[in-house]
Amino acid sequence: MFKIEGLNKREYGKTLLSDLNLSLERGELLVILGDSQSGRKEILDMISGFKKPNSGKIFIKDKTVLGNVLRARRFIGYSGVLDIYSNFKVKAYLNLMIKVRKIKAESVEKEIERILKLVNSDLDLEEKIKDLDEIEEKRLSIAAAFIGEPEIVLLDDPFFNVKKEESKEKLLNLLRKLKKNNIIIIATDEGLIEDIADKILVLTHKGQIEIKPEDLKKEKVSLKEKQKEILEKNNIKGKHYDR
């Protein structure tokens with residue numbers, strides 16, 4: 001379904017990816033773990049066709065999507081933080097996202113109903129995004145990524161600005177449910193995501209290191225502990241997920 005072959009990318013003087021080979025099938029969730037300077041968003045941009053690697057290939061259903069935004073859009077849903085839409089009403093925001101996905105006008109109301117049901121949300125469509133609580137804002141962002149029933153969903157930092165542990169747990173449960181029928185790729189700095197991850201890439205500013213969730217259990221360490229160990233071995237300073 002989704003395959004990366006020999007992907008290499010250098011940017012900002014850093015090696016983001018070094019000879020990455022990876023495949024994902026429906027029902028799997030990949031976590032790309034790194035701080036905001038690690039290049040995690042750039043990797044999502046390569047998958048969605050907005051940026052090109054230095055070398056390598058990305059395939060979705062045996063079709064390459066490198067540098068081809070229109071082809072990638074057929075298969076991929078993408079959503080990030082909603083800061084720039086904070087003054088939008090919920091309905092206006094969803095209408096805009098649906099327009100981008102080229103959903104037929106007569107299907108808009110049904111599509112809004114479908115995606116909000118998918119994320120277990122009964123949002124007031126007339127409420128402004130800036131007035132939503134932290135969990136409802138995230139539900140809205142995730143819902144937008146599922147517009148048009150994409151087969152692969154990219155989520156850029158879905159835990160950004162989520163402070164309450166209860167809200168984090170609700171998000172984890174939602175993502176656990178949603179991945180059953182999709183491939184989900186999450187770029188984040190949230191270590192708790194190990195509970196639902198099938199594959200994990202830790203970005204080191206010198207390339208990537210793949211971690212198997214089952215190995216964390218065998219070693220009896222958390223993902224943030226393992227990530228800290230990896231960064232220290234690579235002499236990378238900065239955020240080590242000690243929060």
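## Section: the overall build of the protein chain
Inference 1: In terms of helices and strands, the protein chain carries eight helices and ten strands.
Inference 2: Against the globule reference of 18 Å for 243 residues, the protein chain gives a C-alpha radius of gyration of 18 Å, in line with a compact fold.
Inference 3: Based on the C-alpha atoms only, the size of the protein chain along its principal axes is roughly 55 × 40 × 30 Å.
Inference 4: Relative to its 243 residues, the protein chain shows a buried fraction of 52%.
Inference 5: When contacts within the protein chain are restricted to residue pairs at least 6 apart in sequence, those whose partners lie at least 24 apart make up 66%.
Inference 6: On the protein chain, roughly 12,200 Å² of surface is accessible, and the fraction owed to carbon and sulfur atoms is 47%.
Inference 7: Positive and negative side-chain charges of the protein chain, numbering 49 and 43 respectively, have mean locations separated by a distance of 4 Å.

## Description of the sheet that holds strand β6 (residues 76–79)
The strands making up a sheet are joined through hydrogen bonds of the backbone, oriented either antiparallel or parallel.
Inference 1: Spatially, β6-β7-β8-β3-β9-β10 is the arrangement adopted by the six strands of the open sheet, whose pairing is mixed. Of all the strands in the sheet, the pair left with one neighbour each is β6 and β10 (208–211). Here the average twist between neighbouring strands, direction ignored, is 15°.
Inference 2: Here helix α5 (residues 134–145) sits on the sheet in contact with β6 and β7 (152–156), set at roughly 155° to β6.

## What to know about the pairing of strand β8 (residues 183–188)
Inference 1: The buried count for β8 comes to six of six residues, which makes it a mostly enclosed element.
Inference 2: Residues Ile 183, Ile 185 and Ala 187 point to one face of β8 and Ile 184, Ile 186 and Thr 188 to the other, with burial holding for every one of them.
Inference 3: Summarising the sheet, strand β3 (residues 29–33) and β8 pair through five bridges and their orientation is parallel. Residue Leu 29 lies in a different strand from β8, and its bridge partner there is Ile 184.
Inference 4: When β7 meets β8, the two strands line up parallel, connected through five bridges. In the sheet register, Ile 152 faces β8, and the bridge partner there is Ile 183.

Here is what the cut-offs are and how they apply
- Residues numbered from 1 in each chain as written.
- Predicted model: local features only at pLDDT ≥ 70, side-chain atom pairs only at ≥ 80, totals over all residues.
- Heavy atoms only, no water.
- Helix = DSSP H or I, 4+ residues; strand = E, 2+ residues; numbered from the N terminus.
- Rg over C-alpha atoms; globule rule 2.2 N^0.38 Å.
- Buried < 20%, exposed > 50% of the residue type's maximum accessible area, 1.4 Å probe, protein only.
- Contact = heavy atoms within 4.5 Å.
- Areas by Shrake-Rupley, 256 points an atom, 1.4 Å probe, with all protein chains shown as cover.
- Lys, Arg positive; Asp, Glu negative; His and termini not counted.
- Charge placed at Lys NZ, Arg CZ, Asp CG, Glu CD.
- Pairing = 2+ DSSP bridges.
- Axes fitted to C-alpha atoms, helices over the stretch in contact; angles between N-to-C directions.

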